[in-house]
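Tertiary structure, described
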Amino acid sequence: MKQLAILGSTGSIGQSALAVVDAHPDRLRVAALAAGDNAALLAEQVARYCPEIVGMATAEGAERLSRACASHPPQIVSGPEGLVAVATHPSVDIVICASAGTAGLEAVLAAIEAGKTIALANKEVLIMAGGIVTEAAARNGVAILPVDSEHNAIHQCLHGRAPAETRRLILTASGGPFRGRSASDLTAVTAADALKHPTWQMGRKITIDSATLMNKGLEVIEAHWLFGVSAAQIDVVIHPQSVVHSMVELTDGSIIAQLGVTDMRLPIQYAFSYPDRWSGPLPSLDLARTGRLDFEAPDTGAFPCLRLAYRALEAERSLPVVLNAANEIAVARFLQGRLGFTSISHVIERTMAAHRPAELATLAEVRAVDGWAREYAQQIVGGLELKV
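Overview of the structure. A quick note: this is a predicted structure, and the numbers were derived from the prediction, not measured. (Residues numbered from 1 in each chain as written. Predicted model: local features only at pLDDT ≥ 70, side-chain atom pairs only at ≥ 80, totals over all residues. Heavy atoms only, no water.)

Below, the discussion takes up unusual backbone geometry. Residue Pro-275 is bonded to the preceding Tyr-274 through a cis peptide linkage, with omega at 5 degrees. Its place among the elements puts Pro-275 in the loop between helix H11 (265–273) and helix H12 (287–290). A positive phi angle, close to 55 degrees, is found at Ser-242, a residue other than glycine. Tracing the sequence through the fold places Ser-242 in the loop between strand E9 (234–238) and strand E10 (244–250). (Helix = DSSP H or I, 4+ residues; strand = E, 2+ residues; numbered from the N terminus.)

Encoded structure:
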């Protein structure tokens, strides 16, 4: 029986993780849960899964949760320290980090130091502190298992292969709702347009990142840290059917691909079961019904965020932190209807240009750069805001 801590249990990934628990009650148990502000849904999860410890982002949220769980109260904690307590609870074997934003960084590092296996669904952890996190994992003998469908696919393709056998990684991207549009076509698109993802049901911020191709750019940076390859060894290809989740080209030119239905329960279950494989509740992929599989090069002219991510990775050091922070600020304003879609990349590029990359050895240094980038991006956004 593997004991789980789910950080971000009320989000889409967290709920999919609980669905995997439901499918394997003899193999998986929920020992700890943490959520942001949705106390009502978290209370339902507490009643169903009976975790030993539960965390909320704020003390006010913890109070609401306590009232909702009066008949079956677990240990309830709150704030960043509470998230660390959830991630490091003695009963926990595997921590799935599906919390949004940067809040999970300290908790993941604490879990690594406590020897927990990490199932990583949060991009910011490696974007902001990839060197710090991977060094800590190596030092503690802790596995970081990717949950993102693309990195999970690459992990499966690389399983049992020596690093010297790999020539390049090929990340697939759906292309989002605006695939094929020119830069001029994108000036008037709205948040409602951008949230209509063609193949995946995801949270609002990551759906916008998919529309700008920033999500794929962040995945390029993640792949560097997860698999120890350079930017030059990571390619992106647009694949609108989202059936091939990613590929690996070996040194002899052979390409190994992982295919599957578009359901996040599949990579989550793989991370929970690894190194074993379990039968699951999902249907088999029907290749005959799937039909054609298309691939095309990404248009970095219309979608410059992907190019900016490669630039950040090539510079390494602190520039990926700046990229991520500026993107979060710009996307938030776009979702509010106060910033144009094409201005997102403009905010990011100007913030990156104003920053002098530096080595980051501690989380305090990471947080300092992150704070500077957010403040600078806010100033740029202020000059670009739309009248509403």
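Volume-wise, the second largest pocket comes out at about 410 Å³. Every residue lining the second largest pocket is counted, 16 residues in all, and those nearest its centre are His-155, Leu-158, Arg-161, Leu-226 and Phe-227. Put simply, the parts of the chain that give the lining of the second largest pocket at least two residues each are strand E7 (144–146), helix H7 (149–158) and helix H10 (214–227). The leading source of residues in the lining of the second largest pocket is E7, at three residues. Classifying every residue of the lining of the second largest pocket by side-chain character gives 10 nonpolar, five polar and one charged. (1 Å grid on protein atoms, 1.4 Å probe; cavity = no way out; pocket = protein on both sides within 12 Å on 5 of 7 lines; lining within 4 Å. Points joined across faces, edges and corners; volume = space filled by probe spheres on them. Nonpolar A, V, L, I, M, F, W, Y, C, P; charged D, E, K, R; others polar.)

Another point: the packing of aromatic side chains. Here the structure, examined in full by the defined rule, presents four aromatic pairs. Each ring, one from Phe-178 and one from Phe-341, has its centre 5.2 Å from the other, and the planes form 80 degrees; the classification is edge-to-face. One end of the pair, Phe-178, is in the loop between strand E8 (166–173) and helix H8 (191–194); the other, Phe-341, is in the loop between helix H14 (319–335) and helix H15 (343–353), and 163 residues separate them in sequence. Comparing Phe-178 with Phe-341, the two get one shared label, buried. (Phe/Tyr/Trp six-rings, centres within 6.5 Å; stacked < 30°, edge-to-face > 60°. Buried < 20%, exposed > 50% of the residue type's maximum accessible area, 1.4 Å probe, protein only.)

Before going further, it helps to examine the sheet that holds strand E11 (residues 255–259). As summarised here, the arrangement of the four strands in space is E9-E8-E10-E11, forming an open sheet in which the pairing is mixed. Edge positions in the sheet fall to E9 and E11, since each of these pairs with one other strand and no more. Going across the sheet, the axis of each strand differs from the next one's by a mean of 20 degrees, ignoring polarity. Pairing of E8 with E10, which is carried by five bridges, proceeds in the antiparallel orientation. Residue pairing in the sheet places Ile-170 in a bridge with Met-247 of E10. (Pairing = 2+ DSSP bridges. Axes fitted to C-alpha atoms, helices over the stretch in contact; angles between N-to-C directions.)

Sheet topology places E10 next to E11; five bridges connect them, and they run antiparallel. Pairing of Ser-246 across the sheet is with Gln-258, part of E11.

Below, the discussion takes up the environment of Ala-194. By secondary structure assignment, the location of Ala-194 is in helix H8. In contact with Ala-194, not counting residues within four places along its chain, are Pro-177, Phe-178, Thr-207, Ile-208, Ala-211, Phe-334 and Phe-341. (Contact = heavy atoms within 4.5 Å.)

Looking at H15, one finds that the buried residues are Ser-343, Ile-344, Ser-345, Val-347, Ile-348, Thr-351 and Met-352. Next to the buried residues of H15 lie helix H9 (204–212), H10, helix H13 (305–315), H14 and helix H16 (363–384).

Before going further, it helps to spend a moment on H10. Across its 14 residues, H10 extends 20 Å between first and last C-alpha, which sits within 8% of the 20 Å expected from 1.5 Å per residue. For H10, the set of buried residues is Met-214, Asn-215, Lys-216, Gly-217, Leu-218, Glu-219, Val-220, Ile-221, Glu-222, Ala-223, His-224 and Phe-227. Immediately beyond the C-terminal end of H10, within one or two residues, lies Gly-228, with a positive phi of roughly 65 degrees. (Expected span 1.5 Å × (residues − 1).)

This part covers the nonpolar core. Within soluble globular proteins, side chains that are nonpolar tend to cluster in buried spots. With 93 residues, the main nonpolar core has Leu-7, Ile-118, Val-133, Leu-323, Phe-341, Ile-344 and Ile-348 as its most contacted residues. Broken down by element, this core gets its largest block of residues, 11 residues, from H14. Among residues more than four places away in sequence, those in contact with Ile-118 are Val-95, Val-108, Ala-111, Ile-112, Val-142, Ala-143, Ile-144 and Leu-145. Residues Ile-13, Ala-17, Leu-33 and Leu-65 belong to the second largest nonpolar core, which totals 33 residues. (Core = buried A, V, L, I, M, F, W, Y, C linked by side-chain atoms within 4.5 Å.)

Below, the discussion takes up the packing of H15 against H16. Two numbers describe how H15 lies on H16: the axes approach to 9 Å, and their chain directions differ by 135 degrees. The angle between H15 and H16 falls in the class oblique. Here H15 runs over H16; the crossing is right-handed. Across the interface between the two elements, Ser-343, His-346, Val-347, Arg-350 and Thr-351 of H15 pack against Trp-372, Ala-373, Tyr-376, Ala-377, Ile-380, Val-381 and Leu-384 of H16. (Parallel < 35°, antiparallel > 145°, perpendicular 65-115°, else oblique. Left-handed = near helix turned anticlockwise from the far one by under 90°.)

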